[in-house]
Amino acid sequence: MNKIILTNLIPSEMIEQLELSQKFRGDQIFKWVGMGVKDFDAMTNLSLDLRNSLKEKAVLRCTSLENTLKDPDGTIKLQIKLEDGNIVETVLLTDKEGRKTACVSCQAGCGMKCAFCMTGTLGLSRNLLPAEIVEQFLYLEEIAGKLDNIVFMGMGEPMQNLSGIRKAIEILCHKNGRNLSSKRITLSTCGIVKGIYDLADNGPNIRLAVSLTTANEDLRKQIMPVALANENSLSELRKAIKYYAEKSGKRVTLEAALLAGKNTDKESALNMINFAKNMDVNVNLIPWNPVATLPFEEPSNNEVHNFVKQLEDAGINVTLRTRRGRKIGGACGQLGKTTKQ
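Here goes a summary of the coordinates provided.

1. So, the packing of helix H6 (residues 193-202) against helix H8 (residues 234-248)
Packing of H6 against H8 brings their axes to within 9 Å, and their N-to-C directions diverge by 10°. The orientation of H6 relative to H8 falls into the category roughly parallel. When H6 is examined against H8, the residues Val193, Ile196, Tyr197, Leu199, Ala200 and Asp201 are found in contact with a partner set consisting of Glu236, Leu237, Lys239, Ala240, Tyr243, Tyr244 and Lys247. For the contact of H6 with H8, the per-class residue count stands at nine nonpolar, no polar and four charged.

Structure, rendered in structure tokens:
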């Protein structure tokens with residue numbers, strides 16, 4: 001794109017790239033962008049000459065909304081078209097208390113190949129620009145009003161696009177713009193240990209979730225190729241999680257997609273207990289959401305109940321994820337549109 005993408009910039013960068021002689025104009029433009037304006041003429045506190053100049057030099061969005069899907073349970077999934085033709089998906093989740101969360105993507109596709117995840121079957125196309133992440137959030141706010149939280153749990157592996165995510169967070173949390181609190185941001189990784197240390201040491205100080213799925217080393221290597229690297233072994237992953245919790249002062253979430261007959265038996269629960277004990281963590285259990293092309297089955301209610309009970313009896317903090325967005329392919333592990341058009 002030849003024009004300047006405003007959703008990719010903080011105020012100081014706008015001043016420089018737009019060659020603004022009055023520096024306060026950078027804050028004004030940035031605030032309008034964070035409010036989600038769709039037209040430069042809506043920036044009513046700017047002169048006509050400046051608005052016309054912006055139309056020549058810049059764009060308010062570098063993506064376009066391709067499709068909106070709504071589940072009867074209130075979940076909304078957006079398919080967003082990038083300039084190169086790739087499609088990414090973002091999801092609006094609303095809990096029982098009415099809190100609204102944006103589940104955003106950080107990559108077009110994903111190269112991690114987790115066997116139980118639809119996105120993992122696509123392969124990786126590319127990392128998203130900060131603007132392409134920010135715009136997902138803005139599209140959702142246009143539909144649902146002010147959002148409460150953002151989770152990097154959509155398409156892609158966040159630790160492979162940390163620079164893009166850091167910049168997107170800087171933009172969304174900037175006091176002169178959307179001013180989202182970093183306390184309301186969570187990043188989920190499939191277990192790239194190097195990235196966890198990087199995030200712990202260099203910030204931002206956000207919440208961390210780790211897709212553990214199983215604490216059985218052999219099974220994890222079979223269904224999560226990230227575990228094949230020695231540096232991402234369960235022992236190294238556990239050290240990194242403990243380090244992050246201590247360094248950030250935040251409880252880490254361990255996520256587990258429960259797969260019928262694979263990781264729901266008593267031994268699997270015991271492995272999870274042993275992994276989680278003596279750490280400041282919460283285990284978030286997610287009954288697997290069906291994907292027709294993948295060779296797994298949903299766990300029975302009995303499997304889920306027994307697994308939860310075994311962890312609770314051992315004193316582990318456990319949350320059972322509510323199933324939402326499944327009718328529109330918007331549930332955890334179901335995102336999968338990345339085809340160029």
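2. Some words on the side chain of Arg61
Tracing the sequence through the fold places Arg61 in the loop between strand S2 (58-59) and strand S3 (64-70). When its relative accessible area of 18% is taken as the criterion, Arg61 is described as buried. At 2.8 Å, the side chain of Arg61 and the side chain of Glu142 are in polar contact. If near-sequence neighbours (up to four positions away) are discounted, Arg61 is found in contact with Gly36, Glu135, Leu138, Tyr139 and Glu142.

3. Examining the pairing of strand S6 (residues 100-103)
Remark: a regular strand shows side chains that alternate across the two faces of the sheet. Because side chains alternate across S6, one face comprises the buried residues Lys100 and Ala102, and the other comprises Thr101 and Cys103, equally buried. Counted between consecutive antiparallel strands, the loop separating strand S5 (residues 87-94) from S6 contains five residues, among which Gly98 sits at a positive phi close to 90°. Across three bridges, S6 lies against strand S9 (residues 149-152) in parallel orientation. Residue pairing across strands places Cys103 opposite Val151, the latter belonging to S9.

4. Remarks on the packing of aromatic side chains
What the rule picks out here adds up to two aromatic pairs. Summarising the aromatic geometry, the rings of Trp288 and Phe296 are spaced 5.9 Å apart at their centres and angled 65° between planes, so their arrangement reads as edge-to-face. We note that Trp288, like Phe296, is buried.

5. Points about helix H4 (residues 130-144)
Between its first and last C-alpha atoms H4 spans 22 Å; for 15 residues at 1.5 Å apiece the expected length is 21 Å, and the two agree. Positive backbone phi, at 80°, marks Gly145, one or two positions downstream of H4.

6. Brief notes about the pattern of salt bridges
This model, assessed by the stated rule, comprises 18 salt bridges. Residue Lys239 pairs with Glu236 through a salt bridge whose shortest N-O separation is 3.3 Å. One end of the pair, Lys239, and the other, Glu236, are both in helix H8, three residues apart, so they sit about a helical turn from each other. A residue is classified by how much of its surface remains accessible, and Glu236, at 27% relative accessible area, is partly exposed. One salt-bridge network, in which partners are shared between bridges, spans Lys38, Arg61 and Glu142.

Conventions adopted
- Residues numbered from 1 in each chain as written.
- Predicted model: local features only at pLDDT ≥ 70, side-chain atom pairs only at ≥ 80, totals over all residues.
- Heavy atoms only, no water.
- Axes fitted to C-alpha atoms, helices over the stretch in contact; angles between N-to-C directions.
- Helix = DSSP H or I, 4+ residues; strand = E, 2+ residues; numbered from the N terminus.
- Parallel < 35°, antiparallel > 145°, perpendicular 65-115°, else oblique.
- Contact = heavy atoms within 4.5 Å.
- Nonpolar A, V, L, I, M, F, W, Y, C, P; charged D, E, K, R; others polar.
- Buried < 20%, exposed > 50% of the residue type's maximum accessible area, 1.4 Å probe, protein only.
- Polar contact = N/O pair within 3.5 Å; in protein donor to acceptor, adjacent residues only side chain to side chain.
- Pairing = 2+ DSSP bridges.
- Phe/Tyr/Trp six-rings, centres within 6.5 Å; stacked < 30°, edge-to-face > 60°.
- Expected span 1.5 Å × (residues − 1).
- Salt bridge = Lys/Arg side-chain N within 4 Å of Asp/Glu carboxyl O.

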